[in-house]
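# Reading the structure
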Amino acid sequence: MILDIVKYPDPILRKVAKPVEKVDAEIQKLIEDMYETMYAAPGVGLAAPQVAVSKRILVIDVGLLEKDALGKETHKPDPKAIINPIVTIQEGKILWDEGCLSMPNLIVPVERAKKILVEGLDREGKKVKYLGEDLLAVAFQHEIDHLDGKLIFDKLSRLKQDLYKKKLARNERPEPEEEIEHGSGPTYVG
């Protein structure tokens, strides 16, 4: 089922999400619905608070690039769900133009760790580790920020924050931030 994505300034986006105590059928259904919502948006990641559930759950699919026998590149889905994620290793830095499904038309250049190791539980409740680099690392960090009540909005100057708030108050579509060349263009994470 496609869920409604919570938009800024909804207060749930600022709350620190609660850890999942037990992985059960309800959590597994939520994860399925989160995948469906993320793909429909479309985005490459989604955190439970973005669908009004204050639990430490995220889903990501940045896909895999594969080459066939003729050398043609194809994009293959590579969905990942992680419950109670913790970043255990961070290396390097990367600047990426990030968008957010909860903050329409806002693109913010954000500096993140280039490579990370994330540990947590999979959708069956088993321990899992994911090594992420570049976009996958960015997506994990963006979604974990959501679980901690942090937004890309927080990376803007006070002036740009005020301008975005004013445009939202007037029910205008905020214009995307001017794009800067780095990363691989804006990515709507979650």
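Residues numbered from 1 in each chain as written. Predicted model: local features only at pLDDT ≥ 70, side-chain atom pairs only at ≥ 80, totals over all residues. Heavy atoms only, no water.

### Some remarks on the sheet that holds strand β8 (residues 115-121)
Here five strands make up an open sheet; going across it, the order is β1-β2-β5-β8-β9 and the pairing antiparallel. Of all the strands in the sheet, just β1 (45-47) and β9 (127-133) have a single pairing partner and so form its edges. Each neighbouring strand pair of the sheet contributes to a mean axis angle of 35°, computed without reference to strand direction. For β8 and β9, the ladder comprises seven bridges, and the chain directions are antiparallel. (Pairing = 2+ DSSP bridges. Helix = DSSP H or I, 4+ residues; strand = E, 2+ residues; numbered from the N terminus. Axes fitted to C-alpha atoms, helices over the stretch in contact; angles between N-to-C directions.)

### Some points on the nonpolar core
Within the largest apolar cluster, 22 residues are counted, with the highest numbers of intra-cluster contacts made by Leu58, Ile60, Val62, Ile82, Ile116, Val118 and Phe140. Of all the secondary-structure elements, those providing two or more residues to this core are β2 (57-60), β6 (94-100), β8, β9 and α2 (135-147). Considering every element that reaches this core, the biggest residue donor is α2, with eight residues. When neighbours within four sequence positions are excluded, Ile60 is seen to be in contact with Tyr35, Met38, Val44, Gly45, Asp78, Pro79, Lys80, Leu136, Ala139, Phe140 and Glu143. Grouped together as the second largest cluster of nonpolar side chains are 16 residues, Met34, Val51, Ala81 and Ile83 included. (Core = buried A, V, L, I, M, F, W, Y, C linked by side-chain atoms within 4.5 Å. Buried < 20%, exposed > 50% of the residue type's maximum accessible area, 1.4 Å probe, protein only. Contact = heavy atoms within 4.5 Å.)

### A closer look at the side chain of Asp61
Relative to the helices and strands, Asp61 is located in the loop between β2 and β3 (64-67). Lys80 is the oppositely charged side chain nearest to the buried, salt-bridge-free Asp61, at an N-O distance of 6.9 Å. If sequence neighbours within four positions are ignored, Asp61 has contacts with Met38, Tyr39, Val44, Pro77, Asp78 and Pro79. (Lys, Arg positive; Asp, Glu negative; His and termini not counted. Salt bridge = Lys/Arg side-chain N within 4 Å of Asp/Glu carboxyl O.)

### Details of the confidence of the model for the protein chain
Mean pLDDT over the protein chain works out to 90, with 91% of the residues at or above the 70 mark. In this model residues 177-185 is a low-confidence stretch, pLDDT under 50, and it forms 16 contacts with partners more than four residues away in sequence or in other chains. (pLDDT = per-residue confidence, 0-100.)

### Details of the side chain of Arg112
Its location among the elements puts Arg112 in strand β7 (residues 103-112). For Arg112, a relative accessible area of 8% puts it in the buried group. When neighbours within four sequence positions are excluded, Arg112 is seen to be in contact with Gly92, Lys93, Ile94, Glu98, Val138, Gln141, His142, Asp145 and Ile152.

### Re the pairing of β9
The two faces of β9 differ: Val128, Tyr130 and Gly132 on one face are buried, but Lys127, Lys129, Leu131 and Glu133 on the other face are not. Counting the residues between successive antiparallel strands, the hairpin from β8 to β9 contains five residues, one of them, Gly125, with a positive phi of roughly 90°.

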